[in-house]
Amino acid sequence: METGFTLSNTIAAILTIGIISFLWKDNPLYKLCESLFVGVSAGYWFVSLYYQNLLPKLFDTLGLTQLFTSADIEPGAIQILINEGRVDNSFLYLIAGILGALMLTRLIPNLGWISRWPLAFIVGTTSGLYFTTYFQSNAMAQLRSTILPLDSIGNVVIVIGTVCGLVYFYFSKEHKGVMGGAARVGVWFLMITFGASFGYTVMSRMSLLIGRFDFIFSTWLGLTG
Amino acid sequence: MLNRTGGIVFTTLAIIACCVMSDFVYADNSAVPEDPSFGVPAPPSNVRVEDVPGDAGGAVRVRWNLSPDDVDRNTKFEGYQILRSTQIDNNFEIIGTSPPGQDLFTDNSTTDGVEYYYIVRADAGSMISESPPRGPVKSSQQWFNIGRLNSFIALLILSTAIILYINQAKRGKELYVRKIAGLDAVDEAVGRATEMGRKIFFIPGTQDMNNVQTIAGVTILGRVARLTAQYETPLDVPVSRSMVMVTAREVVKEAYLNIGRPDAYNDDMVHYLTDDQFGYAAGVDGLVVREEPATIFYMGAFYAESLILAETGNSVGAIQIAGTAMPAQLPFFVAACDYTLIGEELFAASAYLSKEPKLLGSLKGQDLGKLIILVAIAIGVILETAGWFDFSRLFTVQ
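A. The overall build of chain A, seen in detail. Scanning chain A for helices and strands turns up eight helices and zero strands. In chain A, the succession of helices and strands from N to C terminus is α-α-α-α-α-α-α-α. With respect to the three principal axes, the spread of C-alpha positions in chain A is 70 × 60 × 40 Å. Within chain A, buried positions represent 33% of all 225 residues. Only carbon and sulfur atoms are counted for the fraction: they give 71% of the accessible area of chain A, which is about 14400 Å². Placing the 12 positive and 11 negative side-chain charges of chain A at their respective mean positions leaves the two points 18 Å apart.

B. Molecular detail of the layout of surface pockets. As a volume, the second largest pocket reaches approximately 2100 Å³. Sorting the residues of the lining of the second largest pocket by element identifies α2 (28-62), α5 (93-103) and α6 (116-146) of chain A together with α5 (242-259) of chain B as the ones contributing at least two each. Here the lining of the second largest pocket takes eleven residues from α2 of chain A, the largest share from any one element. Taken together, the residues of the lining of the second largest pocket break down into 31 nonpolar, eight polar and eleven charged.

C. Structural view of the nonpolar core. Residues and elements named next belong to chain B. Ranked by internal contacts, the top residues of the largest apolar core, which has 84 residues, are Phe202, Leu235, Val252 and Phe297. Broken down by element, the residue count for this core peaks at nine residues, all from helix α4 (residues 212-231). Other than its neighbours up to four places away in sequence, phenylalanine 297 contacts Val186, Ala189, Val190, Ile200, Phe201, Phe202, Ile203, Val224 and Ile321.

D. Region of interest: a nonpolar patch on the surface. On the surface, Phe5, Met203, Met206, Leu209, Ile210, Phe213, Phe217, Leu221 and Leu223 of chain A cluster together to form a nonpolar patch covering roughly 900 Å² of accessible area. Of note, phenylalanine 213 of chain A is situated in helix α8 (residues 177-220).

E. Up close: the sheet that holds strand β2 (residues 60-65) of chain B. Residue and element names in this part refer to chain B. Taken in spatial order, the three strands make up an open sheet running β1-β2-β5, and their pairing is antiparallel. Since the sheet does not close on itself, it has two edges, and those belong to β1 (45-51) and β5 (104-107), each with one partner. Going from strand to strand, the sheet's axes swing by 15 degrees on average, the running direction of each strand aside. Strand direction decides the pairing type here: β2 and β5, joined by four bridges, are antiparallel. Considered in β5, the bridge of arginine 61 is made with threonine 106.

F. Examining the side chain of glutamate 34 of chain A more closely. For glutamate 34 of chain A, the location among the structural elements is in helix α2. Those residues in contact with glutamate 34 of chain A that lie beyond four places of it in its chain are Ala282, Gly283, Gly286 and Arg290 of chain B.

G. Quick look at the confidence of the model for chain B. Residue and element names in this part refer to chain B. Confidence along chain B averages 85 in pLDDT terms, with 89% of residues attaining 70 or more. Within chain B, strand β9 (residues 200-203) carries the highest mean pLDDT (97), whereas helix α1 (residues 2-31) carries the lowest (43). This stretch, residues 1-6, has a pLDDT under 50; its non-local contacts, to residues over four places away or in other chains, come to zero contacts. Low pLDDT (under 50) marks residues 8-33, which in the prediction has five contacts with non-local residues, meaning those over four places away or in another chain.

H. Representation of the packing of helix α1 (residues 7-20) of chain A against α2 of chain A within the structure. Residue and element names in this part refer to chain A. With their axes 8 Å apart at the nearest point, α1 and α2 run at an angle of 110 degrees to one another. When the interaxial angle is binned, α1 and α2 end up roughly perpendicular. Between α1 and α2 the crossing geometry is left-handed. Along its contact with α1, which presents Ile14, Leu15, Gly18 and Ile19, the element α2 presents Leu29, Tyr30, Cys33, Leu36 and Phe37. Residue composition of the contact of α1 with α2, by class: eight nonpolar, one polar and no charged.

I. Just the interface of chain B and chain A, in detail. Counting residues at the interface gives 68 residues for chain B and 55 residues for chain A. A buried area of about 5600 Å², summed over both sides, lies between chain B and chain A, and 71% of it is on carbon and sulfur atoms. Two residues, glutamate 250 of chain B and arginine 106 of chain A, come together in a salt bridge whose shortest N-O distance is 2.6 Å. Applying the counting rule to chain B against chain A returns 22 residue pairs in polar contact (both at pLDDT 80 or more). Only α2 (149-170), α4, α5, α6 (277-291), α7 (305-315), α8 (330-336), α9 (344-354) and α10 (357-386) of chain B provide two or more residues apiece to the side of chain B that touches chain A. For the side of chain B that touches chain A, the element with the most residues is α10 of chain B, which contributes 13 residues. Considering only residue class, the side of chain B that touches chain A consists of 37 nonpolar, 16 polar and 15 charged.

J. Looking closely at the sheet that holds strand β11 (residues 270-272) of chain B. Residues and elements named next belong to chain B. If you trace the six strands from one edge of the open sheet to the other, you get β11-β10-β9-β12-β13-β14, paired in parallel fashion. The open sheet has two edge strands, β11 and β14 (339-342), and neither has a second partner. Along the sheet, successive strands turn relative to each other by an average axial angle of 15 degrees, direction set aside. As judged from the four bridges shared by strand β13 (residues 319-324) and β14, these two strands associate in the parallel manner. In the strand pairing of β14, alanine 322 is matched with threonine 340. Its contacts with the sheet put α9 on β12 (295-299), β13 and β14, and the angle it makes with β14 is roughly 100 degrees.

K. Representation of the pairing of β9 of chain B. All names here are of chain B. Burial along β9 is two-sided: the face carrying Ile200 and Phe202 and the face carrying Phe201 and Ile203 are both buried. Bridge count between β9 and strand β10 (residues 235-239): two bridges; the pairing is parallel. Opposite isoleucine 200, over in β10, you have leucine 235 as the bridge partner. Viewed along the sheet, the connection from β9 through α4 into β10 turns out right-handed. Relative to β12, β9 runs parallel, the two being bridged by four bridges.

Calculation rules
- Sequence order sets the numbering: in each chain, residues are counted from 1 along the sequence as written.
- Starting at A for chains and at 1 for ligands, labels are handed out in the order in which the entities are written.
- Under the rules for a predicted model, residues below a pLDDT of 70 receive no local features and side-chain atom pairs below 80 are neither given nor counted, while totals for whole chains, interfaces and linings still include all residues.
- The basis for the side-chain values is all heavy atoms of the structure; hydrogens and waters are excluded.
- Secondary structure follows DSSP: runs of H or I at least 4 residues long count as helices, runs of E at least 2 residues long count as strands, and numbering of each begins at the N terminus.
- When a residue's accessible area, from a 1.4 Å probe over protein chains only, is under 20% of the maximum for its type it is buried; when over 50% it is exposed; and in between it is partly exposed.
- Values of accessible area rely on a 1.4 Å probe in the Shrake-Rupley scheme; residue burial ignores everything except the protein chains shown.
- In this charge count, Lys and Arg are treated as positive and Asp and Glu as negative; neither His nor the chain ends contribute.
- Charged side chains are reduced to one point each, which is NZ for Lys, CZ for Arg, CG for Asp and CD for Glu.
- A pocket, in this scheme, is an open set of points on a 1 Å grid over the protein atoms alone with protein on both sides within 12 Å along at least 5 of 7 lines, while a cavity is a set where a 1.4 Å probe fits but cannot get out; residues line either one if an atom lies within 4 Å of a point.
- Grid points are joined across faces, edges and corners, and a volume is the space filled by probe spheres set on the points.
- Amino acids outside the nonpolar list (Ala, Val, Leu, Ile, Met, Phe, Trp, Tyr, Cys, Pro) and the charged list (Asp, Glu, Lys, Arg) are all regarded as polar, and Gly is one of them.
- Only buried residues count toward a nonpolar core. Its members are Ala, Val, Leu, Ile, Met, Phe, Trp, Tyr and Cys residues joined through side-chain atoms within 4.5 Å.
- Contact definition: two residues touch when any of their heavy atoms are within 4.5 Å.
- A patch consists of residues exposed above 30% relative accessible area that lack any salt bridge, with like charges linked at up to 9 Å and nonpolar side chains (Val, Leu, Ile, Met, Phe, Trp, Tyr) linked at up to 5 Å.
- Between Lys or Arg on one side and Asp or Glu on the other, a salt bridge is scored when a side-chain nitrogen of the former is within 4 Å of a carboxyl oxygen of the latter.
- Here, any two strands with at least 2 DSSP bridges between them count as paired.
- Only the stretch in contact is used when fitting a helix axis, every axis being a line fitted to C-alpha atoms; angles between N-to-C directions are given from 0 to 180 degrees.
- Think of pLDDT as the predictor's per-residue confidence, scored from 0 to 100.
- Roughly parallel means an angle under 35 degrees; roughly antiparallel means over 145; roughly perpendicular covers 65 to 115; every other angle is labelled oblique.
- If you view the pair so one helix is near and one far, a crossing is left-handed when the near helix is turned anticlockwise from the far one by less than a right angle, and right-handed when it is turned clockwise.
- Using a 1.4 Å probe, buried area is obtained as the accessible area two parts lose upon being combined, added over both of them.
- Within 3.5 Å is the distance limit for a polar contact, defined as a pair of N or O atoms, with the added protein rule that one can donate a hydrogen and the other accept it, and that residues adjacent in sequence qualify only through two side-chain atoms.
- Clockwise travel from the first strand over the helix to the second, with the strands pointing away from the viewer, marks a crossover as right-handed.

Okay, structure coming up:
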């Protein structure tokens, strides 16, 4: 990276200081940085989504791009239909395109209800797809890893921790008596895990902070070697 | 002095160890002496290739009869090489190896629908011999994956239980769900904002509608919106995904309609900031310090922005109720919020709050699943500890 008071370094340093100034209080410099950050990132994501999704996955695959350009792009579904006379599977992307276009009916007050269809499709397919994958990764894999012989302290801790954690997340019975005791142990396990995770993440955040300070003091100001 | 004594002892022990080891090496060599007459190994015979039955595709099974030279006494025999090509007569490449004594190889790198030919090569270092090419064979996925039969049965039981419970709930049967601590605070938090005449912020996470946590968060938003409609409390929902914005608007609008206050709803209650994770965090932080909401809900999937958001909310003195199933972010919400719905409590919360038969039935069905898992763990641990049966094998999903 180029060091010193270059234009890009100076802008980056001012924006970094502007964002960090929020620790003091809300101030005009932070407001400027925040507005820039939100605005630029929103625009960036729009362009990024267009070039990473809409263009390659819809327009190129269907062959719409190829109709308007002479660039060397692989033939899409329309070209395959015209040249080879067969309906390519890529035409299925048309369904996604139509569903996406239906979202825009929200802009027409009388037809706004149609936009619920693609929403229902997305929520429904998501739930269905994740039902099996979550079950396999979160339930079956966890179960398999918990069935252990009680021949070491580590195994005993894993079995007790998992069983008590499951009891805590059992909602059909009030946490009283044995259930209450097991649930309490489950919460201890959770809190110990959270504590360890908290410490670990704080350390990684500190390294991010050090990285920004290093940029300001070393790369920009050149104060350290 | 000590060093010298130690050195002598160490040297003596090393010499003894060398003598013992050389005995072992000699004994090993004497057990399987090299066959000086061994040349080119005989090739494996009767090579069979087939699509792996009952799988998700992408795999071909290769079997063969062992080479007559694949015997314990032969130290030169190194095993088998499996070669693959899409043409019968050339372009064969090694795709894997099998040790001596093994007569099976599964090629997990095939493309469904492509015809492949296989050769199995007996490998004795510099000497090799090959079987004739076998094929063509095409891999394909079957309607039923035998390797996931256990998963299928478990999901069938779970789905049946959920459907039965949903039907019970629809028929009006009271399904008990224990109190969830953080949820009792929802009404209290909305009431506080109403008394103070300040806004309620609802942050549905930074992930899209294809994340179940976001779906759960938006469901809870429906309940919060009903309360804000009832008490005429201003509600602000900044979102980071366009799909979430559309869904959240639908949910909030419906809540205001159901309460009979469609006039109090406006689309600006749910507004888009940016898709960028930290751009969104910076935007929400700015809104929080300027608007000073009385209550903030964080319900959905969060990543590294969780503590930035929760700490800012804490600094303006807002009551904060969080819920997420992201294990790495839960510690931050636990530390910085007044109440936190941990993991599955987030999903249970939507059922508890809405009393919707479908959600309640799902929750009860899942509880039955947990009960079955607890019993399976108990049985499995006993069997494993006694060394009678590898019970965990039953839960392996391919």
